[in-house]
Structure formats: structure tokens, C-alpha cells
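Structure at a glance
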Amino acid sequence: MIFQGDLIIDFLIGVILMDFLIEFLLFTFVPAYIVSFFLINWDDRSQLLRKTYRICLASAILSALVGNLITLFKFGPNLLLALVFSVIFSLIIKSIYLKRIPLGQIRELSKLEQGKLLLEINDLKVYYPLVGGVLKRQIGAVKAVDGVTLNIKTGDTLGLVGESGCGKSTLAKAILGLVDIKEGEINFNEIKVDKDEYSSFLRQKIQIVFQDPDASLNPRMKVVDIISEPLKNLLGITKKTELRKHVLRLLEEVSLKKEHLDRYPHEFSGGQKQRIIIARALACNPELIILDEPTSALDVSVQAQILNLLKDLQRTYGYGFLFITHNLSVVNHIADQVAVMYLGRIVEIGTKKQIFAKPTHPYTQALLRSRIRVDPDSKDIKFVIDGEVPSPIAPPPGCHFNPRCVSDARTKECEFEVPHQMKIEEGHYIWCVNPPVLKSISEQE
Ligand SMILES: Nc1ncnc2c1ncn2[C@@H]1O[C@H](COP(=O)(O)OP(=O)(O)OP(=O)(O)O)[C@@H](O)[C@H]1O
Ligand code: SF4
Ligand SMILES: [Mg+2]
């Protein structure tokens, strides 16, 4: 009988606990979580919060507990109380979290320390999966970036050149956390760049300017709103007067004026639109700016203005630039270092002087010889690289450039051996299977 009595008591305690648990979970915790979720993700500034589920959880648990505790003293239905408390707690916790983020901090624009290592890319591989078949399974991969290593310092411009499709923009996307990294790593200011954990600090400090200004500007927004967006979302400035003040300062940086503040993008020329985009990129005081063919949609004189503007801004504030382009003259104008890319790999890297005066890799030599020169006596383009760029889905084994290489250094080994790094001189490296056959510039012509 005693045994049975214990059982009944245990059973009753279990029923009460179960009842409490169901009530706690279904009628208080879950609704409180839903309300907290909406309130916490309500406004623009919620973008600044990381891992919002933790705030929602904290708010929902607190609301459900307090709601249930008060119900014990018979104050009324716990669902309603839980909802009321979830509003109170989520707003309080959100404001505490927001206060901990250094909002509204505009760096008084001072020059960045020069020569500081900003970006470090080590053996980076980015493959785009190719899916096919009825089951949409992965059947291959586009090896867009296939083992790239490079560094960028503050105050320096690295010019990245290479034929269309060699992976330049994919490299930029990897730095911006827009694509999955297959192997290798990217470090910015010693912070690992990870697509899934791309912090608001990285979004502030790394900016991009794309080739097509029309595609980068929302035609329905005024310039003031376009440039205010990063100020609001990344720096948490919400006061309208503050925003206009900062936007005006940024417009002045790029030689635009007060009267441009309330205009729409279609009221500007191509060069002016690119200036607006540069102003937007400068809004959060970046340290690294990626320029993906920023001048190729502009005519030559406007190109020069934008390049000079970029150089001036770099001289004043010490930004690091990754300048992506097909145009070797532009690289010659703006870059300090030049990296030549071919089918996902860097084939030569060096200072601008080393690359232009002493191009050593057969591909760089061919690229420099392929420059179209205005020759009044001849309509022919003297040299173009033979053949098509091979597919990055199935690149040629060994040296990717081997089917098109016309160098005297080319041997049978190039067809199966992976090129290795060779030092030409301090800061000047090529990736080749065989030592280069050095020729003077006139011999190469
Ligand atoms: N989302 C994607 N899915 C699959 N393949 C892609 C994707 N984006 C790019 N690629 C492929 O990856 C390779 C590299 O593309 P990427 O845009 O990086 O080249 P790029 O050097 O910037 O070329 P361009 O100079 O023409 O802009 C190309 O073969 C391209 O077709
Ligand atoms: S590895 Fe061989 S094929 Fe490739 S660039 Fe060097 S010499 Fe030419
Ligand atoms: Mg591109």
C-alpha cells in the first residue's frame, strides 16, 4: 500500500510538472519568443546585432518566468502577462545590447598608419559547384580561384590584372564574404574572414566599388539617402540632421556639392555617379577598398579624374586598394604592386616597375605585348595571345597556361608539373615550372 501511495504521489508530481512545463512552453515561452523576435528585428539598427536568437531567448525565458511567477500569486492569465513582459524585456535587452556597440563613432578622418599589413590571403581556393542531373547533384566545380596568395598594406594599391573569367571578381567576393571558401584563408587586420560570421566591423572596414554605377545605385533613392544607408546601418546614426551633415562632408570629399544632396541618380553623369558610389564606400571610414573595374564604363577623361580622385583620397587617408582591371594603362597609373592572374592562379607578382620593366612570366610578357598601340602606319594589332582561355571547370593539368605558352622555356614537364614559386628579385616572383628565359624588352617586342 505504501508503495502504491508513493507511486500516486510521483504520478501527481509528474502531472503537475508536465502541466507546468506545457503551460510554460506553449502558452508563455513560445508566444514571448515570437513577440521578442519581431521587436528585436524591428528597425534598421537590428542589423548591428549579432546572434539575435540569444536576445530573443533571454527575453522569452525571462518573460515566461516572470509571467508564471506572478500567476502563482493569482494576478491573472499568464499568457497576457508573458506577452506584456516580452515587450518590456526585449526592448530593455535590445537597448542594452545596442549601447554596448560603439554606435555613431565617426573616426575623425586621420591618416591610417602606413605600411601596416591589412589583408592577407593564403592559398585561397574558391570553387563554384556545378549541379546537374535529375537529382540536381554536384557533377563538378568551376575552379574560379585556385590557390591565390597575396597581401595588401595600408597606403598601397595592388593592381590585379588578367583576362576575363580568370577569377578576379570571385577573389573580391571572397574578401567580402559573399562566396564560400573551399580552402585557404583570408585575414583582415588579423581577423579571419568567414562568410557565415561576417561581422559588422568587416562590413565597415572593407568596401567595394563596382564597374557599373547604374547597377549600384537605387534609382528611387535620393543621393542623401543612398549615402546615409551605411551611416545608419553600420554606424547607427539615426538623426536626420547628423546624417545630412555627414553626407555633405562625404560629397565634398569627392568634389560634389550641397545641391546634389536631394537629387536622384538619373540626374548625374556616369563620372558623377561613380563619385557618389565612392562617397558611399568612404562613409564608414573603410581601410580596404576593392575597386572592381571602377573606371571601365567611363570615357578616358572621366577615367583620369576618378583615378586621380582615388589617388588623392589614398594619399590623404592611407586606404589600401585592391584595384581589379583589364586595362594595363590604368594599372600603370594607379598601382604600386601588380599581380597577374591566369585561370584562378597568380602567375607573377611584383612592384609596378618590376612588372612593366621586367615582365618575366610568359603570360605577363604576352599580356604586355598584346596591348593595343595606336600605330598610324599599321592597322594590325601586332601580337595577341594564341588560343582561348581554357575552361576553369577542367583546366589543363600542370601549368594552366601551357597550351598557349610560346616561351622558349616551355618543356614537356609543363604539361603535368604544377608551377612553383620562383624569386626573380626582392618582391618579384613568378610561378612557372622552368626558370625563365630572360630577354630584354626590345627582344620581347
Ligand atoms: N556564381 C557562379 N557560379 C558558377 N560559376 C561562376 C559564378 N560566378 C563566376 N563564375 C565563373 O567563375 C569564373 C571566374 O569568374 P569571375 O567573375 O571571378 O571572373 P573575372 O576575372 O572577374 O572576369 P571579368 O574580367 O570578365 O569580370 C568564370 O569562369 C565564371 O564563369
Ligand atoms: S610552366 Fe611552362 S608552360 Fe607554363 S608558363 Fe612556365 S614555361 Fe610556359
Ligand atoms: Mg569581374
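Details of the structure are given in the entry above.
Report follows, based on the coordinates. Sequence positions are assigned chain by chain, starting from 1 and proceeding in written order. To read the labels, note that chains go from A and ligands from 1, taken in the order they are written. Given that the model is predicted, a residue must reach a pLDDT of at least 70 before its local features are reported, and side-chain atom pairs must reach 80 or more before they are shown or counted; all residues, however, enter totals for whole chains, interfaces and linings.

What follows deals with the sheet that holds strand 10 (residues 345-351). Read from one edge to the other, the open sheet built from 8 strands follows the order 6-7-8-3-9-10-12-11, with strand pairing classed as mixed. Because the sheet does not close on itself, it has two edges, and the strands there are strand 6 (206-209) and strand 11 (420-425). On average, each strand axis in the sheet is tilted by 20° relative to the strand beside it, whichever way the strands run. When DSSP locates at least two bridges between a pair of strands, those strands are taken to pair. Going along the chain from the N terminus, every DSSP run of H or I of four or more residues is numbered as a helix, and every run of E of two or more is numbered as a strand. As judged from the 5 bridges shared by strand 11 and strand 12 (residues 428-432), these two strands associate in the antiparallel manner. The partner of Gln421 across the bridge, within strand 12, is Trp431. Contacts here follow a simple rule: the backbone-placed C-beta atoms of the two residues must lie within 7 Å. Axes here mean lines fitted to C-alpha atoms, for a helix over just the part in contact, with angles spanning 0 to 180 degrees between N-to-C directions. Taken strand by strand, helix 13 (residues 362-369) contacts strand 9 (337-342) and strand 10, and its axis lies near 100° from that of strand 9.

Turning our attention to the environment of Asp262. Tracing the backbone shows Asp262 in the loop between helix 8 (240-253) and helix 9 (270-282). Those residues within four positions of Asp262 in sequence are excluded, and the remaining contacts are Lys222 and Val224.

Quick look at unusual backbone geometry now. With a phi angle near 45°, Asp123 is a residue other than glycine that sits in the positive phi range. Counting through the fold element by element, Asp123 comes out in strand 1 (residues 117-132). The burial label depends on the number of other C-beta atoms within 10 Å of a residue's C-beta. Counts of 20 or more mean buried, 12 or fewer mean exposed, and intermediate counts mean partly exposed, with C-beta atoms placed from the backbone. On the basis of neighbour counts, which here come to 11 C-beta atoms within 10 Å, the residue Asp123 falls in the exposed class. For Asn285, which is not glycine, the phi torsion reads 50° and is therefore positive. Counting through the fold element by element, Asn285 comes out in the loop between helix 9 and strand 7 (288-292).

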